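Below are the chains, spelled out letter by letter.
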Amino acid sequence: MIGHLLNTTVTVYRPAFAADGRGGRTTTFVSQGTIRAMVGQPTAAEGAIAGRDGAMLTTPVHFAYSADVRRGDELDAGGPRRLRVLGVVSDSRRTYKRADCE
């Protein structure tokens, strides 16, 4: 239903944990593949607030409902930064998912 709006592709990276041999663990991000998405823009109010020290700027990213995107994943759209998924919600008709990213 929203396929025509998904105008870019993003690579999904999921954290994988391994023991470091000292009682702790190390985290690496493993590619889960690429999916189609629509990366939104932060609101003007968020943009103004983000100029302050310590402010968090969120970006909405939309996917097809069948996309495997989870909290904690990182999304790479080929730009200079990766987006970290803070949470994922879907609509009541199960036509799309929205991830709020930082």
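Here's what I pulled together on the structure shown here. (Residues numbered from 1 in each chain as written. Predicted model: local features only at pLDDT ≥ 70, side-chain atom pairs only at ≥ 80, totals over all residues. Heavy atoms only, no water.)

Considering the side chain of Thr11
For step 1, the next point in the chain: When you line up the elements, Thr11 lands in strand E1 (residues 8–19).
For step 2, the next point in the chain: If sequence neighbours within four positions are ignored, Thr11 has contacts with Ser31, Gly33, Thr34, Glu74, Leu75 and Asp76. (Helix = DSSP H or I, 4+ residues; strand = E, 2+ residues; numbered from the N terminus. Contact = heavy atoms within 4.5 Å.)

Describing the packing of aromatic side chains
Two aromatic rings, taken as a pair, are described by how far apart their centres are and by the angle between their planes.
For step 1, the next point in the chain: Summed over the entire model, instances satisfying the criterion amount to 0 aromatic pairs.
For step 2, the next point in the chain: Over the ring of Tyr13 we find Arg82, and its NZ or CZ is 3.8 Å from the ring centre. (Phe/Tyr/Trp six-rings, centres within 6.5 Å; stacked < 30°, edge-to-face > 60°. Lys NZ or Arg CZ within 6 Å of the ring centre and 35° of its normal.)

Brief notes about the pattern of salt bridges
For step 1, the next point in the chain: Taken as a whole, this structure holds 6 salt bridges when the rule is applied.
For step 2, the next point in the chain: Here Arg14 and Asp68 are joined by a salt bridge, their closest N and O atoms 3.3 Å apart. Placement of Arg14 in strand E1 and of Asp68 in the loop between strand E3 (59–64) and strand E4 (74–76) is noted, with a sequence separation of 54 residues between them.
For step 3, the next point in the chain: With a relative accessible area of 41%, Asp68 lands in the partly exposed category.
For step 4, the next point in the chain: Asp100 serves as the salt-bridge partner of Arg98, at 3.1 Å between the closest nitrogen and oxygen.
For step 5, the next point in the chain: You can call Asp100 partly exposed: its relative accessible area is 30%. (Salt bridge = Lys/Arg side-chain N within 4 Å of Asp/Glu carboxyl O. Buried < 20%, exposed > 50% of the residue type's maximum accessible area, 1.4 Å probe, protein only.)

Some details on the pairing of strand E2 (residues 25–39)
For step 1, the next point in the chain: Sheet topology places E1 next to E2; 12 bridges connect them, and they run antiparallel. Residue pairing in the sheet places Val10 in a bridge with Ile35 of E2.
For step 2, the next point in the chain: Connecting the antiparallel pair E1 and E2 is a turn made up of 5 residues, with Gly21 showing a positive phi of about 85°.
For step 3, the next point in the chain: Here E2 runs beside E3; their pairing, made up of 2 bridges, is antiparallel. Counterpart to Met38 in the pairing with E3 is His62. (Pairing = 2+ DSSP bridges.)

Regarding the sheet that holds strand E5 (residues 82–90)
For step 1, the next point in the chain: Strands sit in the order E1-E2-E3-E6-E5-E4 around a closed barrel of 6 strands; the barrel is antiparallel. Strand after strand, the sheet turns through a mean of 45° between neighbouring axes, direction not considered.
For step 2, the next point in the chain: Pairing between E4 and E5: 3 bridges, direction antiparallel. Looking across to E5, one finds that Glu74 is bridged to Arg84. (Axes fitted to C-alpha atoms, helices over the stretch in contact; angles between N-to-C directions.)

It is worth stressing that arrangement in space is one thing and function is another; only the former is reported here.
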